[in-house]
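So the chains spell out like this:
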Amino acid sequence: MPKHYLWAVGEGIKACRPGDLIAGRYLVKRDRLLVDTQPEQLPELPEEIPSAVIPYLRLFAYQLHVPQVYGLVSSQTSKLSGDIWLLENGPILKVTESLMPELADSWKGAAAMRQLNWLWQMAQLWQPCIAQGVASTLLTPELLRVEGQLVRFLELQPDRKPPSLSQLGKLWQQWLEDAHPAIANFLRQLCQQMVAGQVRHGEQLMGQLDKALAKCGRSYDRHVEIATGTDVGRSRAHNEDACYPPSGTVFAGLPGSEACAIVCDGIGGQDGGEVASELAIDVLREKLQLIPLHQANWDPLSLTSKLERAACAANDKIAGRNDTEHRQGRQRMGTTLVMALAHIHELYVAHVGDSRAYWITRTGCYQVTLDDDVACREVRLGYSLYRDALEQVAAGALIQALGITSSNTLHPTVQRFPVDEDCVLLLCSDGLSDKDRVEECWEAEILPILDGSINVAKARDRLIEIANTRNGHDNVTVALIHCQAHLREEGNTFTELSVAPLDVPIEQIADSEDMPTDLTDSTSLGDANSQLKTQLVRPPDKSKSLFSLLVKIVFLLGLGGVFAYFFIPPVGRAIDTAGESIFGKRGLINARSTPEKTVESAASPVNSLEKGSFIEIKSSAAGELGNESDRLDLRGTIGELTVRGTVHAGSILQVTNKQLTPQGNWLELKVCSIPEIVRSSSPKPKSNKDFSTVSKPAVSPSPAVASPSLSPAARPTVAVERAKLQAGEIGWIQEQDAVSKVATNPTPNPTQQGKCAVGYNSNPNAN
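Note that the coordinates shown come from a computational prediction; the quantities given were computed from them, not determined experimentally.

Procedures and definitions
Residues numbered from 1 in each chain as written. Predicted model: local features only at pLDDT ≥ 70, side-chain atom pairs only at ≥ 80, totals over all residues. Heavy atoms only, no water. Helix = DSSP H or I, 4+ residues; strand = E, 2+ residues; numbered from the N terminus. Buried < 20%, exposed > 50% of the residue type's maximum accessible area, 1.4 Å probe, protein only. Contact = heavy atoms within 4.5 Å. Areas by Shrake-Rupley, 256 points an atom, 1.4 Å probe, with all protein chains shown as cover. Axes fitted to C-alpha atoms, helices over the stretch in contact; angles between N-to-C directions. Parallel < 35°, antiparallel > 145°, perpendicular 65-115°, else oblique. Pairing = 2+ DSSP bridges. Left-handed = near helix turned anticlockwise from the far one by under 90°. Nonpolar A, V, L, I, M, F, W, Y, C, P; charged D, E, K, R; others polar. Patch = residues over 30% accessible without salt bridge, like charges linked within 9 Å, V, L, I, M, F, W, Y side chains within 5 Å. Salt bridge = Lys/Arg side-chain N within 4 Å of Asp/Glu carboxyl O. Expected span 1.5 Å × (residues − 1). Core = buried A, V, L, I, M, F, W, Y, C linked by side-chain atoms within 4.5 Å. pLDDT = per-residue confidence, 0-100.

Here we take up the overall build of the chain. Across its full length, the chain carries 21 helices and 30 strands. Across the 767 residues in the chain, those meeting the buried criterion constitute 53%. In the chain, the share of contacts with a sequence separation of at least 24, taken over all contacts with a separation of at least 6, comes to 73%. When the accessible area of the chain is evaluated, it comes to approximately 34900 Å², of which 53% is carbon and sulfur surface.

Another aspect to go through is the packing of helix 6 (residues 181-195) against helix 7 (residues 202-217). For the pair helix 6 and helix 7, the least separation of the axes is 12 Å and the interaxial angle reads 175°. Compared by their axis directions, helix 6 and helix 7 come out roughly antiparallel. Where helix 6 abuts helix 7, its residues Ile-183, Phe-186, Leu-190 and Met-194 lie against Leu-205, Gln-208, Leu-209, Ala-212 and Cys-216.

Strand order across the open sheet formed by 6 strands is 2-3-4-1-6-5, with antiparallel pairing between neighbours. Both outer strands of the open sheet, strand 2 (21-22) and strand 5 (68-73), are each paired with one neighbouring strand and no more. Bridge count for strand 2 against strand 3 (residues 26-30) is 2 bridges, and the pairing is antiparallel. Opposite Leu-21, over in strand 3, you have Leu-27 as the bridge partner.

Helix 7 packs onto helix 4 (residues 112-132) with a crossing angle of 160° between their chain directions and a minimal axis gap of 9 Å. It follows from the interaxial angle that helix 4 and helix 7 lie roughly antiparallel. The two elements helix 4 and helix 7 cross, and the hand of that crossing is left-handed. On the side of helix 4, the interface is formed by Ala-112, Met-113, Leu-116, Asn-117, Leu-119, Trp-120, Ala-123, Gln-124, Trp-126 and Gln-127, while helix 7 contributes Gly-202, Glu-203, Leu-205, Met-206, Leu-209, Asp-210, Ala-212, Leu-213, Cys-216 and Gly-217. Of the residues in the contact of helix 4 with helix 7, the class split is 13 nonpolar, 5 polar and 2 charged.

Taken together, the side chains of Leu-550, Ile-553 and Leu-557 present a nonpolar region at the surface, about 300 Å² in accessible area. Counting through the fold element by element, Ile-553 comes out in helix 17 (residues 542-567).

Our focus in this paragraph is unusual backbone geometry. Here the residue pair Tyr-244 and Pro-245 is connected by a cis peptide bond, since its omega of -10° sits within 30 degrees of zero. Note on placement: Pro-245 falls in the loop between strand 12 (241-244) and strand 13 (250-253).

Before going further, it helps to examine helix 8 (residues 273-289). Between its first and last C-alpha atoms helix 8 spans 25 Å; for 17 residues at 1.5 Å apiece the expected length is 24 Å, and the two agree. Considered for burial, the residues of helix 8 that qualify are Gly-273, Ala-276, Ser-277, Leu-279, Ala-280, Ile-281, Val-283, Leu-284, Arg-285 and Leu-288. Tucked into the core, helix 8 has its buried residues touching strand 12, strand 14 (260-267), helix 9 (300-324), strand 15 (334-335) and strand 16 (337-343).

Another aspect to go through is the pattern of salt bridges. Opposite charge on two side chains makes pairing possible when the charged atoms of those side chains draw close. For the coordinates displayed, the defined rule picks out 28 salt bridges. With a shortest N-O distance of 2.3 Å, Arg-152 and Glu-147 are connected by a salt bridge. Judged by relative accessible area, which is 3%, Arg-152 ranks as buried. Take Glu-147: its relative accessible area is 11%, and that puts it in the buried class. Note that Arg-416 and Glu-346 form a salt bridge whose closest N and O atoms lie 2.7 Å from each other. Residue Arg-416 is found in strand 20 (residues 413-418), and its partner Glu-346 is found in strand 17 (residues 346-352); the two are separated by 70 residues along the sequence. Among the residues examined, Arg-416 registers a relative accessible area of 9% and is labelled buried. Take Glu-346: its relative accessible area is 2%, and that puts it in the buried class. Ionic contacts of the salt-bridge type, sharing partners, join the residues Lys-3, Lys-29 and Glu-97 into one network.

Met-122, Trp-172, Leu-205, Leu-209 and Leu-427 are the most contacted members of the largest nonpolar core, which has 98 residues in total. It is helix 4 that provides the largest number of residues to this core, a total of 11 residues. Among residues more than four places away in sequence, those in contact with Met-122 are Leu-103, Leu-138, Leu-144, Leu-168, Leu-171, Trp-172 and Trp-175.

Take the confidence of the model for the chain next. Looking at the chain, the pLDDT average stands at 82 and 76% of residues meet or exceed 70. Below a pLDDT of 50 lies the segment residues 494-501, which in the model reaches 40 contacts outside its immediate sequence neighbourhood of four places, other chains included. Counting contacts from residues 621-626, a segment whose pLDDT is below 50, to residues more than four positions away or on other chains yields 8 contacts.

Attention shifts here to the sheet that holds strand 18 (residues 356-361). With antiparallel pairing, the 6 strands of this open sheet are ordered in space as 13-11-22-21-18-19. Edge positions in the sheet fall to strand 13 and strand 19 (364-367), since each has one partner strand and no second. Shown here is a sheet whose adjacent strand axes are inclined to one another by a mean of 15°, direction ignored.

Here is the structure:
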């Protein structure tokens, strides 16, 4: 069994020295670097997850960069002064039993696109780390390691206070001296804007780096080879898997719509799973043909959204077929999906279910998708360590797949990766990935593709053979995408890759966070500032304009006051009250006898919601309590298909947590108070502990989908009566689904605050 290297954190490790054997199992090789001498045994697992460990779990989706918690060595077991937490998948070189180099040490001499790629990954990680209170990791050079083109964290550094992008800009400024000449001017200007506070969020920073990456990417010659294959396996009577290009095909060409591979693993038995997998591929191919994929239309955010919608279209096609054929429960067919598309300088990977994508470079093999199953969900929610979650009976049960329910509850994951070196992307069904077969064989069977000693077709055949001989319990499908990226000789020239500073006027940045910017070619580095499109406007003569300005202000205030008095009743009443206090009686102008109404804190529309803010669900024009637009449907966990319960118009909620996932932002909302009309008719919901709404047994000869049982008269996609959440209960919702239905209420009164009032004993993560 290969050695399992670990990185140790915690008080207990400080007293250990190389050569020590901790708890009779973990051998100290170097300072804090251990090897597990009994990797076949489960590590010690905690009874409760401490708060310091939860960020590792909630960043599980970013496993390419963030190490994961392997297990615990308690002080009781080790007899040391404190606990030791063991991290796996860290930046450790197994050959030399040492740490990978720091980014700062590898920066000098790196290619322009490699440097930009490292910065882009840091920008991508900024918001997730901010959400988990560990963004200081990105400001600590010794924790930033690199493995080829990947940025890897050694461990997470908790924030004493939330850092800013200005601080990140100051760190990057330290690397300017050794920046590649082709990007030095651009990077200098970008850092200046970051330090000045003009770049205010990670997405804006990524957008600017995206433009620079696209420009650098033009200097590379790129070529793509794809080979696909599927096999029924040794145990099944029929093949429910499907792939594109068709099995046995080898494609060679340039990045674009044809440089695409799809693997689907059908669910639902004969005449079910295989139909669903073929339907998915047909719809996805049709949608891809409609997407204009050429350099002039490059827009990563738009393409990501289109790939998500394509997956949803495939989902609805299969779900519609299920409904037409009156399939219910386990009779409903579905399929997993993993799809890769090579476009210009990037690889896009779309994913639903437990079919996987692995990224192989000369430095390693990396799983880039996370299974949509119960075990992974438990980890991402911070409930369990991964090795502990795998021990659950329903650990492998899928929480989503194409075709089972409406696309309203489907959350495809789409990722993208800038490519600056040769690599191979492996897509496969679980017929190959089960039992860690990819991790076992990648070095011998896939890595040789990169040095030309084996072609993709031969490697595909070998992987299918390995799946059948070492696993053999399921159908197996494989797609290999070999991406070649070679920098042209003239591509590294000074003028070709120089980029101008960000074309964003300071005044406009203050007004709009999403303003588009341009990166234009710089003709001369010596005159970089000449590329700034800044206009100096002569200020007006203050002595001449001050009086007229005052007159205008007085006029507008007066006009606004008259309008507010007559047309905004609360303002009119306030003016009348002020008049009474001054003159002792009500003026004739307020002779109307309408009763006063209590004015509660005003709510305002929102575009985004922040942790700790209060919100109120708005009422529609119709004013019907059951109207879909008048309620929020909250789920028990992130990505869950089943709605835990609803909260209706007029209810006050508080944002208790905010998670950034590959599917977008998710909000954890706590119900503070609900209107009396809703409270009186709301049954107390039952606790929802059944996570396996979609399941795929690992050893069943006929994989099937488990969904809640429905009466014969019920259609699976028809809405059903849902429980109404009570004050104090908590649920999750995607931010994009909430913002159009709520308004902020920054100062709710004590009654509205209800169970969210200060001093009320509440745990945001409690159920």
